[in-house]
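Residue strings, one per chain:
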Amino acid sequence: MNAITEVLRLPRAEMLINGRWQKAESGEAIAVEDPANGQQISEIAAGGKADVDRAVAAARGAFEGPSWSRMRPIDRSRLLENIARTIEDHAQELALIESHDNGKAVAHAMMIDVPAAVDVFRYMSGWCTKLTGKTLPVSGDGRAYHAYTRLEPIGVVGAIVPWNYPLSMAAWKLAMALAAGCTVVIKPSELTSLSTLRLVELMHDAGLPDGVVNIVTGYGHVAGQAMAEHEGIDKIAFTGSTATGKKIAIAALGNMKRVSLELGGKSPSIICADADLAQAIPGAALACFFNSGQICFAATRLYVHRSVYEPVVAGLAQVAESFKVGNGRDPQTMIGPLVSKAQQERVLGFIEAGKAEGAKLITGGQAAGDEGYFVKPTIFGDTRPDMTIVRDEIFGPVLSVSAFDDMDDVVRQANSSVYGLAANIWTRDLRIAHTTAAKLHAGSVWINCHGVVDPAMPFGGFKQSGWGREVSEEGVSLYTETKSVCAAL
Ligand code: NAD
């Protein structure tokens, strides 16, 4: 059996709702293709409003039913740990699915995506028994009161996730929701649903009761929109583009459901004059090009102190040209294909805009390969703040580099974006590192590193990069409502 049939043996064009594989009510399906060669490898159900209704009813039933609502916190914790272990046991299979569906290197999925999914379930298993309220020193009216808060699960969560880290983004949302005691309807991207379908199946194998997690596959403007508008959903947890996040926020107003949003970015890298260039050059290159630039916190605007600008640009070009662009199943591959033909065309369009607006092309600047949706790692030098490639989120392997003269100037430029997801700074001067970290408008700031994401660290964006934070105590608490209880004594 070849690798592909081995890893893609899920029921075709079916969704797991209330613990049962089911077709979409419409009977329609969406073709799934491998972006490394454009060949169809499977199909998923094109879920719609009727399927969302069924999934929400199942999630509501499970939320109120005895097997979930009466499950002891310590048993929920054990379940999340079992899920973590089950994912670990299927690491290779999940990594292969992710590579066929999204294009990324199997080695990267084994190193980042699968461990991130395992870690978040294991970390969140601890919160099941530790989400506590407080006793409150009420002054009142002279009578004695006993007042306290309870943290209660919000209810039914609608989770909508993107295509760049399908497995780990789904795992983040599911682990937080389950730790808080919620039930879930999850909709993966129509481009990359396979690993989430398998994940939800594995969660049932690990002991998840029926109806607690239900998956609806389908288009965003159909199934996703139906979830955002649904009166039976209490919270939408969304990761995706800022444009879609705005639509979801508006649709959610109908029943004032809670909304948390993890959105786009245009993160800056700053290389100071005193930086250790042996670390900073490959660090800044990976900060932009890893996962073919398809990362929300990709650092795609690089500001380099003028005194080291020339050696840094030369070094970056050397690193970018050394990356092997190719099929994700090749162990040497560093840069896989973009997720779809549309995404490849969009990224090539930004590259043409960069050339037309007068940026200096240092390396790359074109598609790669005879088949599939590859784009060469591309670096533009001498970029200006008003250029499209400096302002817009490209979501591909395109880096803009410009020189700066002083820290006030670079902080102003770094902050001159509608986004505020992340930033990094490379310097040996601790005072500059920490004072700059305090000035940057970003939800995550990395000093002499980039992209260190951990379930213990709140993750999310300032400005148009989102609402709320993911993972950590802050993230899981966004899946609870606080109730004040006050008893006259
Ligand atoms: P997208 O917004 O197009 O789609 C994201 C999800 O929303 C998909 O499941 C899609 O089907 C669904 N969707 C689309 N239209 C919808 C609608 N009208 N109503 C409800 N759901 C809808 O994003 P994408 O192209 O899949 O992913 C790339 C984007 O995601 C980038 O902007 C990236 O920065 C962002 N992202 C952010 C984070 C973060 O943590 N901040 C992480 C990963 C990706």
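- Looking at an unreviewed UniProt entry, one finds the protein named Phenylacetaldehyde dehydrogenase and attributed to Sphingomonas psychrolutea.
- As its UniProt record puts it under Sequence similarities (unreviewed entry), the protein is described as follows: "Belongs to the aldehyde dehydrogenase family."

## Things to note about the sheet that holds strand E17 (residues 378-381)
Note: strands within a sheet are paired through backbone hydrogen bonds, in either parallel or antiparallel orientation.
Then step 1. Reading across from one edge, E14-E17-E18-E13-E12-E20-E21 is the order of the 7 strands in this open sheet, with mixed pairing throughout. Of all strands in the sheet, those bounded by a partner on one side alone are strand E14 (360-363) and strand E21 (444-447). On average, each strand axis in the sheet is tilted by 25° relative to the strand beside it, whichever way the strands run.
Then step 2. Here helix H12 (residues 309-322) sits on the sheet and contacts strand E12 (267-271), strand E13 (299-305), E14, E17 and strand E18 (398-404); the angle it forms with E14, its principal contact strand, is near 50°.
Then step 3. Lying on the sheet, helix H13 (residues 341-356) is in contact with E14, E17 and E18; it crosses E18 at an angle near 30°.

## Examining the UniProt feature "active site" (unreviewed entry) in the protein
Then step 1. According to UniProt, the feature "active site" (unreviewed entry) maps to Glu 262 in the numbering used here.
Then step 2. In this structure, Glu 262 sits in strand E11 (residues 258-262).
Then step 3. Setting aside anything within four residues of it in sequence, one finds Glu 262 in contact with Thr 239, Cys 296, Gly 460, Gly 461, Gly 466 and Glu 470.

## Observations regarding the packing of helix H4 (residues 73-89) against helix H6 (residues 106-127)
Then step 1. For the pair H4 and H6, interaxial distance at closest approach is 8 Å and the crossing angle is 165°. The angle between H4 and H6 falls in the class roughly antiparallel. Of the two possible hands of crossing, H4 and H6 adopt the one that is left-handed. Where H4 approaches H6, its residues Ser 77, Leu 80, Glu 81, Ile 83, Ala 84, Ile 87 and Glu 88 are matched on the opposing element by Val 114, Ala 117, Val 118, Phe 121, Arg 122, Met 124, Ser 125 and Gly 126.
Then step 2. When its residues are assigned to classes, the contact of H4 with H6 shows 9 nonpolar, 3 polar and 3 charged.

Conventions and cut-offs
- Residues numbered from 1 in each chain as written.
- Predicted model: local features only at pLDDT ≥ 70, side-chain atom pairs only at ≥ 80, totals over all residues.
- UniProt positions renumbered as here; feature names shortened; annotations may be inferred.
- Pairing = 2+ DSSP bridges.
- Helix = DSSP H or I, 4+ residues; strand = E, 2+ residues; numbered from the N terminus.
- Axes fitted to C-alpha atoms, helices over the stretch in contact; angles between N-to-C directions.
- Contact = placed C-beta atoms within 7 Å.
- Parallel < 35°, antiparallel > 145°, perpendicular 65-115°, else oblique.
- Left-handed = near helix turned anticlockwise from the far one by under 90°.
- Nonpolar A, V, L, I, M, F, W, Y, C, P; charged D, E, K, R; others polar.

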